Amino acid sequence: MKQWIIMIMILALIPFFLSGAGCLDEHDAANYSDPSFRDWRLTLNGTDTRVFTLAELRSLPRADGHGYCVSTTGFRFGPYECAGVDLRELVSLAGGMHPNDSVWISAPDGYLWVFDTEQLEGNGFITFDENLSEITSPPLRIILMYEQDGKPLSYDDGGPARIAIISQEPGIITEGSAWVKWVDTIEIRSNNG
Ligand SMILES: Nc1nc2c(c(=O)[nH]1)N[C@H]1C(S)=C(S)[C@@H](COP(=O)(O)O)O[C@H]1N2
Ligand SMILES: [Mo]
C-alpha cells in the first residue's frame, strides 16, 4: 500500500524533474513558439501591403553585426551580436521608396521612430565610442532584429522584433531612441503631400 503512494508521488514529480533538468531552459522562455510571439504579425505598408509572421520574417535574407546603444540617461545596452533583416529589404518588399519618403516604425505601445532615406543607407547617425565620446560613424545598417546574442529576442528586450543599428566593427554606440522595441508596423510615408 505504501509503495503505491510513493509511486504516485514520484510520477507526479516527473514534470518538475524534467523542467529542472533543462527541458524547459531559459532558451524556451524566449522561444519562437512563445504564445505572445505566435500571434505577432509585422505589417508593411507602402505602395504594397504585406503581412509577415515571425517565421516568414526569419526566412528573409539575414543580416548580422554588432549592436550597442545608449539611452538618453547615459545607460548603455549591449554590446550585442544582432541578427535580423535589413530594413532596406523590408522597404523593397513594401514597394520601395522615393528619396523624399520616410520610414515610420511603430509599436503597440504607441512608440514611433522615423528614418529618412539617408539613414536607410546607414548615413547620418550620431555614433559614440565606449566612453561615450562622439566619433565618426563607420558604415552602419538598420535591421529589424529577431535574434540577440544567438538567442530569440526576448519580450523584455523588445522581442519578437526590434530595430537595431549595427556595424561590422564592434564597440560602436548609437542612440537607443531609434531602437524601437516590439515593432509591428513599418510604413513608407510620402513627404510630397
Ligand atoms: N516600443 C518602444 N520602443 C522603444 C522605447 C519605447 O518607449 N517604446 N523607448 C526607446 C528609448 S528612448 C530607448 S533609450 C531604448 C531603451 O529603452 P528602455 O530603457 O525602455 O529599454 O528603447 C527605445 N525603444
Ligand atoms: Mo531613451
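Going along each chain's sequence as written, the residues are numbered from 1 onward. Here chains are named by letter from A upward and ligands by number from 1 upward, in the order in which they appear as written. Given that this is a predicted model, residues contribute local features only at a pLDDT of at least 70 and side-chain atom pairs are listed and counted only at 80 or more, while totals for whole chains, interfaces and linings are drawn from all residues. The side-chain numbers reported here are obtained from all heavy atoms of the structure, hydrogens and water having been left aside.

Should DSSP find at least two bridges between two strands, the strands are regarded as paired. In DSSP terms, a helix is any run of H or I states spanning at least four residues, a strand is any run of E spanning at least two, and both are numbered starting from the N terminus. Pairing between strand 3 (residues 63-70) and strand 4 (residues 76-86): seven bridges, direction antiparallel. Bridge assignment links D64 to a residue of strand 4, and that residue is A83. Counted along the chain from strand 3 to the antiparallel partner strand 4, the turn is five residues long, and its residue G74 has a positive phi close to 90°. Of the strand pairs in this sheet, strand 4 and strand 9 (residues 141-148) are connected by five bridges, and their pairing is antiparallel. Each bridged residue has a counterpart across the sheet, and for V85 the counterpart in strand 9 is L144.

Let's shift gears to the packing of aromatic side chains. Aromatic pairing here means that ring centres of Phe, Tyr or Trp (its six-membered ring) are within 6.5 Å. Orientation follows from the plane angle: under 30 degrees is stacked, over 60 is edge-to-face, and everything else is tilted. The full count for this structure, using the stated rule, is three aromatic pairs. Plain terms: the ring middles of F115 and F125 are 6.1 Å apart, the flat faces sit at 65° to each other, and that makes the pair edge-to-face. Placement of F115 in strand 6 (residues 112-116) and of F125 in the loop between helix 6 (117-120) and strand 7 (127-128) is noted, with a sequence separation of 10 residues between them. Three labels apply to residues, based on accessible area from a 1.4 Å probe with only protein chains included: buried if under 20% of the type maximum, exposed if over 50%, partly exposed otherwise in between. The exposure class assigned to F115 is buried, which follows from its relative accessible area of 0%. By definition, being over a ring means that NZ of Lys or CZ of Arg is both within 6 Å of the ring centre and within 35 degrees of the ring normal. Residue placement shows R189 over the ring face of W104; its charged tip is 4.0 Å from the ring centre.

On to the confidence of the model for the chain, then. pLDDT is defined as a per-residue confidence score from the predictor, taking values between 0 and 100. With 81% of its residues at a pLDDT of 70 or more, the chain has an overall mean of 88. Only heavy atoms matter for contacts: two residues are in contact if any of them lie within 4.5 Å across the pair. Long-range and interchain partners of residues 15-29, a stretch whose pLDDT sits below 50, account for nine contacts in this model, where long-range means more than four residues apart.

Turning our eyes to something else, we now look at the site of ligand 1. The immediate surroundings of ligand 1 are formed by S71, F77, A107, D109, Y111, R162, G176, S177, W179, V180, K181 and W182. What qualifies as a polar contact is a pair of N or O atoms within 3.5 Å, subject to a donor-acceptor requirement within protein and to the restriction that residues adjacent in sequence count only when both atoms come from side chains. Measuring from an oxygen atom of ligand 1, one finds a side-chain N or O atom of R162 at 3.2 Å. At a separation of 3.0 Å, a nitrogen atom of ligand 1 approaches a polar backbone atom of W179. Here ligand 1 loses 72% of its free accessible area of 520 Å² to cover by the protein chains. Three residue categories are used. Nonpolar comprises Ala, Val, Leu, Ile, Met, Phe, Trp, Tyr, Cys and Pro, charged comprises Asp, Glu, Lys and Arg, and polar comprises the others, including Gly. For the shell around ligand 1, the class distribution of residues is six nonpolar, three polar and three charged. Here, proximity means that at least one heavy atom of the residue falls within 4 Å of the molecule or strand. In these tables, accessible area is a Shrake-Rupley quantity obtained with a 1.4 Å probe, and a residue counts as shielded only by the protein chains included in the view.

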